[in-house]
Amino acid sequence: MNKSQDLPRLIEVLLNTERIVVLTGAGISAESGIPTFRGEEGLWKKYRAEQLATPSAFSQNPHLVWEWYDWRRGIINSKTPNPGHHTLAKWGKRFPFFTVITQNIDGFHQKAGSSDVLELHGNIWKMRCTQKGTLMENNEVPLKLIPPICPKCGALLRPHVVWFGESLDFSILTKAFQLSSKSQVMFVIGTSAVVQPAASLPFSAADAGAKIVEINPEPTPLSSHADFSFRGRSGKILPMIDAELEKAEKHSEG
Ligand code: OAD
């Protein structure tokens with residue numbers, strides 16, 4: 001057996017683990033029907049990031065940018081979390097310290113029941129005032145007004161997401177690095193592991209001694225550094241790991 005897919009050994013590790021951090025990317029929501037960014041059907045194959053997901057695209061054509069986000073909100077709104085998200089929500093209750101750090105903006109981890117979630121790239125259901133920075137939630141699908149306007153001051157609202165060329169929220173990023181380097185096990189699920197700074201989190205966890213478990217149907221730049229590398233869909237692999245974990249727990253109780 002390929003050592004990196006050694007499920008019994010992973011179960012042994014998990015039975016002795018209290019601190020887990022999970023880094024997720026678009027792949028965990030793929031089985032819910034949300035397009036990823038870089039695959040064959042990925043968003044960046046069909047759309048040009050610089051025309052839709054940059055501050056200059058927004059200042060040149062806020063209407064076009066908001067139409068694209070309105071379309072994505074419509075897709076997300078019509079889908080639901082899958083067994084991958086649900087397994088992580090279940091583990092959030094099982095392990096004493098369990099944080100999901102996500103690059104996704106769909107809100108599916110919270111929808112599935114995860115409570116400790118750090119959103120590195122923002123959330124598509126939040127908007128921010130371009131003048132005063134006021135943050136608000138908005139679940140309207142489709143949007144009644146494009147581009148939307150701040151109800152408090154009348155300025156343009158923007159999606160509360162991180163665009164290319166923008167920095168991530170400093171306090172969220174600091175917390176993500178701290179938690180990663182304190183973790184005993186870090187799962188890296190459904191991310192191509194090429195976008196910084198998120199792609200550095202598993203390396204900082206590994207440097208501090210964490211075991212790295214990758215779940216992805218395709219190899220990534222992280223794969224050769226991972227202690228465990230499961231090639232497959234997270235909606236299948238995560239419930240499979242959970243079932244084995246439950247079996248092992250029952251066995252050790254009995
Ligand atoms: P990508 O589209 O780059 O990568 C998705 C990954 O998910 C790929 O490695 C796929 O092999 C894998 N994948 C596909 N289906 C899967 C499944 N069922 N189970 C598990 N894995 C699967 O998405 P991200 O890595 O999330 O940033 O992209 C990172 C960032 O780049 C995004 O947050 C976004 C984008 O530009 C911003 O918008 C700031």
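All values reported here derive from a predicted model rather than from experimental measurement. Note on numbering: residues in each chain are counted from 1, in written sequence order. Reporting in this predicted model follows two pLDDT cut-offs: at least 70 for local features of residues, and 80 or more for side-chain atom pairs to be given and counted; totals over whole chains, interfaces and linings ignore these cut-offs and use all residues. By convention in this description, side-chain values take in all heavy atoms of the structure and omit both hydrogens and water.

Some thoughts on the domain arrangement of the protein
Convention followed: Note that the domain bounds were set by an automatic or database domain assignment. Two residues qualify as a contact provided that any one of their heavy atoms is within 4.5 Å of a heavy atom in the partner residue. For any pair of parts, buried area is found by adding up, for both, the accessible area (1.4 Å probe) each one loses once the two are put together. Salt bridge, as applied in this entry: a Lys or Arg side-chain nitrogen positioned within 4 Å of an Asp or Glu carboxyl oxygen. Distance and chemistry together define a polar contact, namely a pair of N or O atoms within 3.5 Å, with one atom able to donate a hydrogen and the other to accept it when in protein, and with adjacent residues in sequence counting only for side-chain atoms on both sides. Amino acid classes used here: Ala, Val, Leu, Ile, Met, Phe, Trp, Tyr, Cys and Pro are nonpolar; Asp, Glu, Lys and Arg are charged; the rest, including Gly, are polar.
What the domain assignment lists for the protein is domain 1 (3-33 + 82-121 + 169-253) and domain 2 (40-78 + 142-161). Taken together, the contact between domain 1 and domain 2 spans 5 residues of the former and 6 residues of the latter. Across the domain 1 to domain 2 interface the summed buried area is about 390 Å²; carbon plus sulfur atoms make up 67%. For the domain 1 face of the interface with domain 2, the top three residues by lost area are Ile105, Asp106 and His121, together amounting to 68%. The interface formed by domain 1 and domain 2 includes 0 salt bridges. Our count for the contact surface shared by domain 1 and domain 2 stands at 0 residue pairs in polar contact (both at pLDDT 80 or more). Residue classes in the side of domain 1 that touches domain 2 are distributed as 2 nonpolar, 2 polar and 1 charged.

Examining the site of the ligand
Note the threshold: Any residue with a heavy atom positioned within 4 Å of a molecule or strand is treated as near that molecule or strand. For every accessible area listed, the method is Shrake-Rupley and the probe measures 1.4 Å; residues are considered covered only by the protein chains on display. In this analysis, the protein atoms alone were mapped onto a 1 Å grid. Cavities are point sets where a 1.4 Å probe fits without being able to get out; pockets are open sets with protein on both sides within 12 Å along at least five of seven lines; lining residues have an atom within 4 Å of a point. Think of it this way: if more than half of a molecule's atoms are within 2 Å of a pocket's grid points, that molecule is in the pocket or cavity.
Around the ligand lies a shell of 22 residues, among which Phe37, Arg38, Thr191, Ser192 and Asn216 are the nearest. Between serine 192 and the ligand, the recorded distance is 2.6 Å, taken from a side-chain N or O atom to an oxygen atom. Here the ligand has 800 Å² of accessible area as a free molecule, and 89% of this is covered by the chains. Judged by its atoms lying within 2 Å of the grid points, the ligand is housed in the largest pocket. Here the shell around the ligand is composed, by residue class, of 8 nonpolar, 10 polar and 4 charged.

Here we look at the side chain of arginine 72
Our working definition: A run of H or I in DSSP becomes a helix once it reaches four residues, and a run of E becomes a strand once it reaches two; helices and strands are each numbered from the N terminus.
Note that arginine 72 resides in helix α6 (residues 62-77). Apart from the residues within four sequence positions on either side, arginine 72 is in contact with Phe37, Leu43, Ile105 and Ile124.

Here's the deal with the environment of histidine 63
As for its placement among the helices and strands, histidine 63 is situated in helix α6. Considering only alpha carbons, one finds histidine 63 and methionine 136, 73 residues apart in sequence, at a separation of 19 Å. Dropping the residues within four chain positions of it, histidine 63 is found in contact with Ile146 and Pro147.

Here's the deal with the pairing of strand β8 (residues 211-215)
Quick note on the threshold: Note on classification: 1.4 Å probe, protein chains only; a residue is buried when its accessible area is under 20% of the maximum for its type, exposed when over 50%, partly exposed between these limits. A pair of strands is treated as paired once DSSP finds two or more bridges between them. The crossover handedness rule: strands pointing away from the viewer, path from first strand over the helix to second strand clockwise, crossover right-handed.
The element β8 is extensively covered by neighbouring structure, given that 4 of its 5 residues are classed as buried. As paired strands, strand β7 (residues 185-189) and β8 are joined by 5 bridges and run parallel to one another. Of the residues in β8, the one forming a bridge with isoleucine 189 is isoleucine 215. Viewed along the sheet, the connection from β7 through helix α10 (residues 201-207) into β8 turns out right-handed. Where β8 meets strand β9 (residues 228-230), 3 bridges bridge the pair, whose relative direction is parallel. In the sheet register, isoleucine 215 faces β9, and the bridge partner there is phenylalanine 230.

A look at empty space enclosed by the protein
Heads up, the rule is: Grid points are joined across faces, edges and corners, and a volume is the space filled by probe spheres set on the points.
Per the stated rule, a full pass over the model turns up 1 cavity of 30 Å³ or more. Size it by volume and the largest cavity reaches roughly 150 Å³. Lining the largest cavity are 13 residues, with Ile34, Pro35, Phe37, Arg72 and Asp106 sitting closest to its centre. Grouping the constituent residues of the lining of the largest cavity by class yields 8 nonpolar, 3 polar and 2 charged. Per-domain counts for the lining of the largest cavity show at least three residues from each of domain 1 (3-33 + 82-121 + 169-253) and domain 2 (40-78 + 142-161).

Here we look at the packing of helix α1 (residues 7-15) against helix α11 (residues 234-253)
Test applied: Where helices are involved, their axes are fitted lines through C-alpha atoms of the stretch in contact, as for all axes, and angles between N-to-C directions lie from 0 to 180°. Crossings are classed by handedness, with left-handed meaning an anticlockwise turn of the near helix from the far one by less than a right angle and right-handed meaning a clockwise turn.
In the contact formed by α1 and α11, the axes pass within 10 Å of each other and the chain directions differ by 65°. Crossing handedness for the pair α1 and α11: right-handed. Touching Leu7, Leu10, Ile11, Leu14 and Leu15 of α1 are Met240, Ile241, Glu244, Leu245, Ala248 and Glu249, all from α11. Here the contact of α1 with α11 is composed, by residue class, of 9 nonpolar, no polar and 2 charged.

Observations concerning the packing of aromatic side chains
This is how the line gets drawn: Think of it this way: a Phe, Tyr or Trp ring, Trp meaning its six-membered ring, pairs with another when their centres are within 6.5 Å, and the plane angle makes it stacked under 30 degrees, edge-to-face over 60, tilted otherwise. As a reminder, the over-ring test applies to NZ of lysine and CZ of arginine, requiring each to be within 6 Å of the ring centre and within 35 degrees of the ring normal.
Applying the stated criterion across every chain yields a total of 11 aromatic pairs. When the ring of tyrosine 69 is compared with that of tryptophan 163, the centres are 6.5 Å apart and the planes differ by 50°; the resulting orientation is tilted. On the criterion of sequence distance, the pair formed by tyrosine 69 in helix α6 and tryptophan 163 in the loop between β6 (157-161) and α9 (170-182) is long-range, its members being 94 residues apart. Here tyrosine 69 matches tryptophan 163 in class, with each residue buried. Taken together, the ring pairs in this structure connect Phe37, Trp44, Tyr47, Phe58, Trp68, Tyr69, Trp71, Trp163 and Phe164 into an aromatic cluster. Note that arginine 19 overlies the ring of phenylalanine 97, its terminal NZ or CZ placed 4.0 Å from the centroid. Here the basic side chain of arginine 72 rests over the ring of tryptophan 68, its NZ or CZ set 4.6 Å away from the ring centre.

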